[in-house]
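Single-letter residue listing:
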Amino acid sequence: MRWANASLFAVLLLACWWPRVASGHDPRFDPPEPRSVPEAWNVIRQCVSNVGTLLETNQLDEIAYQVANCSPSIRVLQAHLSELPDGASLNEPLTRLFGVGGGIILASRERERPREKAIEAFRTYQAALGEIESHYPPNVVNADVYICPMHPLDRHLDPMERCSICSMALVRRRIAASTVYEKPGEPSMKIVAFPDHSLKVGQQTDVRIRITRNDGRPVTHDDLLVVHTQKIHLLIVDRSLADYHHVHPTPTTMPGEYAFTFTPRRPGPYRIWADVVPGWSSMQEYLITDIGSEVASDSIEHRETSLRATVDGLTYSLTLNANDGPLRVGKAVIGRIAVTGPDGKPFEGLEPIMGAFAHIVGFNEDYKTVVHIHPMGNEPLRPTDRGGPVLMFRYYPPAPGFTRLYCQVNIGGESKFAPFGINVLPAAQEISGQRVRSE
């Protein structure tokens, strides 16, 4: 019992101070301490919703971040209790929230049935929070926070205000649920591709794409947020998953229309995943469309696991840390890509590419599921910065089956793509403390 109390104290200390000592690189994901009661409720509301999302996707390791984000907001509510007619009665319930939140973290780290226990603890937290919410006006509890895309620390409650630093229009702030994987929601936009001719192997193709909102209004460049130096990332691959292109289209004179060129190296149609974040929601979306061809595509070859690739003299070796068993859907693992030169020595010359030292993109055999991952650790700040020899990243397999994983790096001013092949088993469920395969 004494050990349990000590563990709970450690978790509570983590939840209270984590946002200050381990904040991430993006204030939209790790919010600063709120400056008002409405902003505090905004953080609590989003982070509590995020805990529910993480429980749904079984990303238990990420829950501590969301609980930690709530702690400064709870302290802000406590500091302003005198503004409520019955504020004194809420001090004790607010203090209890720290312990109940710590209980969610502890439950998520149990050896047996951690998800089920965390869900139970989360329900207790929701009930306690709901009682506290009833003492505040709905417009305060449901307040939105608006930030500048260029200066996210500049926060406002009025969407019509402008950035205090650069006068740019504001966007709604959204706190991401996970640094590893967020399940895509229903897209708020649509995309259609118009190639200048049917795709042919080795022939350059000019392509226009048109992006519209679901109601038909064009999506302009100003409607989209910059993510890793670009507003639109086009992830393009053929049906065999053997020819991947990462392209950034440019706006044309027609609103909502963008253009690019590429040269297919495989027969058949290609699929485009447009990776975009609209300013009206701050939520990442993948829009899908196809570029047609008059010939049939190849099927996927070499479905076996492949963890080593050599590209232009450099060797890329992938390891995935799944100590307690094979890769399974819904179980995040740590990935490690080691880069060595022709002489076998570690290579430390990775150049900045789109605000990172690498971009890791995976396409599942279902031709519907895509992941876009960035390495952990420091990102380049100057063009002269160099990365390597090891790239660490966290990988969450969202779908079973074969996935072609590409590591894109920049060397000598040119993009290089190192392909890997991985196989993922279906998710496992827990019944009475025993893990069973979920079909």
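That block above? That's the structure.
Read on for an overview of the structure.

Parameters at a glance
- Residues numbered from 1 in each chain as written.
- Predicted model: local features only at pLDDT ≥ 70, side-chain atom pairs only at ≥ 80, totals over all residues.
- Heavy atoms only, no water.
- Helix = DSSP H or I, 4+ residues; strand = E, 2+ residues; numbered from the N terminus.
- Rg over C-alpha atoms; globule rule 2.2 N^0.38 Å.
- Buried < 20%, exposed > 50% of the residue type's maximum accessible area, 1.4 Å probe, protein only.
- Contact = heavy atoms within 4.5 Å.
- Areas by Shrake-Rupley, 256 points an atom, 1.4 Å probe, with all protein chains shown as cover.
- Lys, Arg positive; Asp, Glu negative; His and termini not counted.
- Charge placed at Lys NZ, Arg CZ, Asp CG, Glu CD.
- Core = buried A, V, L, I, M, F, W, Y, C linked by side-chain atoms within 4.5 Å.
- Pairing = 2+ DSSP bridges.
- Expected span 1.5 Å × (residues − 1).
- Salt bridge = Lys/Arg side-chain N within 4 Å of Asp/Glu carboxyl O.
- Arc of directions from axis to C-beta.
- Axes fitted to C-alpha atoms, helices over the stretch in contact; angles between N-to-C directions.
- Parallel < 35°, antiparallel > 145°, perpendicular 65-115°, else oblique.
- Nonpolar A, V, L, I, M, F, W, Y, C, P; charged D, E, K, R; others polar.
- Phe/Tyr/Trp six-rings, centres within 6.5 Å; stacked < 30°, edge-to-face > 60°.
- Lys NZ or Arg CZ within 6 Å of the ring centre and 35° of its normal.

Looking only at helices and strands, the protein chain has six helices and 21 strands in total. Rg of the C-alpha trace for the protein chain: 24 Å, near the compact-globule value of 22 Å for 439 residues, within the 12% margin. Seen through its principal axes, the protein chain has C-alpha atoms that stretch 75 × 55 × 45 Å. Out of the 439 residues belonging to the protein chain, those deemed buried represent 47%. Within the protein chain, contacts between residues separated by at least 24 positions form 66% of all contacts whose residues are at least 6 apart in sequence. Summed over its atoms, the accessible surface of the protein chain is roughly 21,400 Å², and 52% of this surface lies on carbon and sulfur atoms. Counting 44 positive and 49 negative side-chain charges, the protein chain places the centres of these two groups 3 Å from one another.

This part is about the environment of Tyr136. Take Tyr136: it is sitting in the loop between helix 5 (114-133) and helix 6 (138-141). Sequence separation of Tyr136 and Glu120 is 16 residues, and the distance between their C-alpha atoms is 26 Å. Contacts of Tyr136, omitting those with residues within four sequence positions, involve Val37, Trp41, Leu77, Leu81, Leu84, Leu90 and Val141.

On to the nonpolar core. Trp41, Ile63, Leu77, Leu94, Tyr125 and Tyr136 are the most contacted members of the largest nonpolar core, which has 37 residues in total. Elements with a contribution of two residues or more to this core: helix 2 (37-57), helix 3 (63-79), helix 4 (91-108), helix 5 and helix 6. Among the elements that make up this core, the one with the highest residue count is helix 2 (ten residues). Leu77 has contacts with Val37, Ala40, Trp41, Ile44, Leu94 and Tyr136, leaving out every residue within four places of it along the chain.

It is worth spelling out the sheet that holds strand 3 (residues 171-172) at this point. Taken in spatial order, the three strands make up an open sheet running 2-1-3, and their pairing is antiparallel. Among the strands making up the open sheet, the edge pair consists of strand 2 (155-156) and strand 3. For strand 1 (residues 146-147) and strand 2, the ladder comprises two bridges, and the chain directions are antiparallel. Within strand 2, the residue paired with Ile147 across the bridge is Arg155.

For helix 2, spanning 21 residues, the distance from its first C-alpha to its last is 30 Å, which sits close to the expected 30 Å at 1.5 Å a residue. Counting buried residues in helix 2 gives 16 out of 21 residues, a clear majority hidden from the surface. Residue Asn58 follows helix 2 closely and has a positive phi angle near 65°.

Let's shift gears to the pattern of salt bridges. Taken as a whole and judged by the stated rule, the model has 20 salt bridges. In this structure, Arg173 engages Glu39 in a salt bridge whose closest nitrogen and oxygen atoms are separated by 3.8 Å. Here the residue Arg173 occupies a position in the loop between strand 3 and strand 4 (189-195), and Glu39 occupies one in helix 2, the gap between them amounting to 134 residues. Under the relative-accessibility criterion, Arg173 is labelled buried at 2%. Taking the shortest distance from any N to any O, the salt bridge between Arg45 and Asp144 comes out at 3.4 Å.

Its 20 residues place the ends of helix 5 28 Å apart at the C-alpha level, agreeing with the 28 Å of an ideal helix rising 1.5 Å per residue. Of all the residues in helix 5, the buried ones are Pro114, Ala118, Ala121, Phe122, Tyr125, Leu129 and Ile132. Axial view of helix 5: buried residues confined to an arc of 110°, hence all on one face. Exposed and oriented more than 90 degrees from the buried face of helix 5 are Glu120, Arg123, Ala127 and Glu131.

With that out of the way, let us pick up the packing of helix 3 against helix 4. One can describe the packing of helix 3 onto helix 4 by two numbers: an axis separation of 10 Å at closest approach and a directional angle of 175°. By the angle class used here, helix 3 and helix 4 are roughly antiparallel. Note on element contacts: helix 4 touches helix 3 through Asn91, Leu94, Thr95, Leu97, Phe98, Gly101, Ile104, Ile105 and Ser108, opposite Ile63, Ala64, Val67, Ser71, Ile74, Arg75, Leu77 and Gln78. A per-class count over the contact of helix 3 with helix 4 returns ten nonpolar, six polar and one charged.

It is worth spelling out the packing of aromatic side chains at this point. Counting across every chain of the model gives nine aromatic pairs. Consider the rings of Tyr181 and Tyr396, whose centres lie 4.6 Å apart with planes at 10°: the pair is stacked. Linking Tyr181 in the loop between strand 3 and strand 4 with Tyr396 in the loop between strand 17 (390-395) and strand 18 (401-411), this pair joins segments that are 215 residues apart in sequence. With respect to class, Tyr181 is no different from Tyr396; both count as buried. Arranged with centres 6.2 Å apart and planes meeting at 40°, the rings of Phe260 and Phe262 form a pair that is tilted. Linked through ring pairs, Tyr244, Trp273, Phe363, Tyr367, Tyr406 and Phe417 together constitute an aromatic cluster. Note that Arg213 overlies the ring of Trp280, its terminal NZ or CZ placed 3.9 Å from the centroid.

When you tally the buried positions in strand 18, you get eleven out of eleven residues, the bulk of the element. In this structure, strand 15 (residues 359-364) lies alongside strand 18, joined through six bridges in antiparallel fashion. Paired with Ile360 across the bridge in strand 18 is Cys407. In terms of strand pairing, strand 18 meets strand 19 (residues 414-424) through eleven bridges, oriented antiparallel. Within the sheet, the bridge partner assigned to Asn410 lies in strand 19 and is Ser415. If you look at the hairpin formed by strand 18 and strand 19, you'll find two residues sitting between the two strands, and Gly412 has a positive phi there, around 65°.

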